[in-house]
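Summary of structural features
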Amino acid sequence: PAHHPFTAPAPGHEGALLAALRDADAEALLRVPSQAYDLVCNGVELGGGSVRIHDAGMQRAVLRGALGLDAAAQEASFGHLLAALSHGCPPHAGAALGLDRAVALLAGGPRGASAPIRDAIAFPKSVAGNEPLTGAPAIASAEALAEYGVRTLGGGGADDAPGG
């Protein structure tokens, strides 16, 4: 599924998703439509969401096939979710609205033009892409990179940090 690893495939495409995961076929995986949606007003995306996977077996297959999590890692990180799904969780969905996007749209004036989103974000990034409040971005630790299966290719990761 395209969106996040908890998004359900479109109805009728469950088999295609499971086959793509089983065969580790990334191209086939990208062709599986998901139940994801966007809320758009005047051409501006205000938010989005998805119908969630509500079958424990399918969720385990996605966690294993797409994220590479073995049974122990799945239990450690998502055991509570998998337990809930195994008890018969009904289909459910979620959505998130970008209040900053709505404010930018409203602040654009009567012609419907959107104001720059930077003018509506409470804590905007600097021109250099830094976030002054939290100091992000920061160099990820070797432990964090290993946990998520990320390998740096040079240019500022933990492998390139002094003493890293």
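Now for a look at the structure at hand.

For helix 1 (residues 14-22), the complete set of buried residues consists of L17, A20 and L21. Along the axis of helix 1, the buried residues cluster in a sector spanning 100°; they form a single face. Lining the buried residues of helix 1 we find helix 2 (26-30) and helix 3 (56-65). Of the residues one or two after helix 1, A24 is the one with positive phi, at around 50°.

Moving on: the side chain of Q59. By the secondary structure assignment, Q59 is in helix 3. Not counting residues up to four positions away in its chain, the partners in contact with Q59 are P5, F6, I53, L81, L82 and L85.

Take unusual backbone geometry next. Put simply, A136 and P137 share a cis peptide bond, and its omega is 0°. Residue A24 is not a glycine yet carries a positive backbone phi of 50°. Mapped onto the secondary structure, A24 falls in the loop between helix 1 and helix 2. Residue A24 is classed as exposed on the basis of its relative accessible area of 68%.

What follows covers the packing of helix 1 against helix 3. Running from N to C, helix 1 and helix 3 point in directions that differ by 35°, and their axes come no closer than 9 Å. Relative to helix 3, helix 1 is oriented so that their crossing is left-handed. Contact residues: helix 1 offers E14, L17, L18 and L21, while helix 3 offers M58, A61, V62 and G65.

The rules we used
- Residues numbered from 1 in each chain as written.
- Predicted model: local features only at pLDDT ≥ 70, side-chain atom pairs only at ≥ 80, totals over all residues.
- Heavy atoms only, no water.
- Buried < 20%, exposed > 50% of the residue type's maximum accessible area, 1.4 Å probe, protein only.
- Helix = DSSP H or I, 4+ residues; strand = E, 2+ residues; numbered from the N terminus.
- Arc of directions from axis to C-beta.
- Contact = heavy atoms within 4.5 Å.
- Axes fitted to C-alpha atoms, helices over the stretch in contact; angles between N-to-C directions.
- Left-handed = near helix turned anticlockwise from the far one by under 90°.

From the geometry alone we can't say anything about function, so treat these as descriptive.
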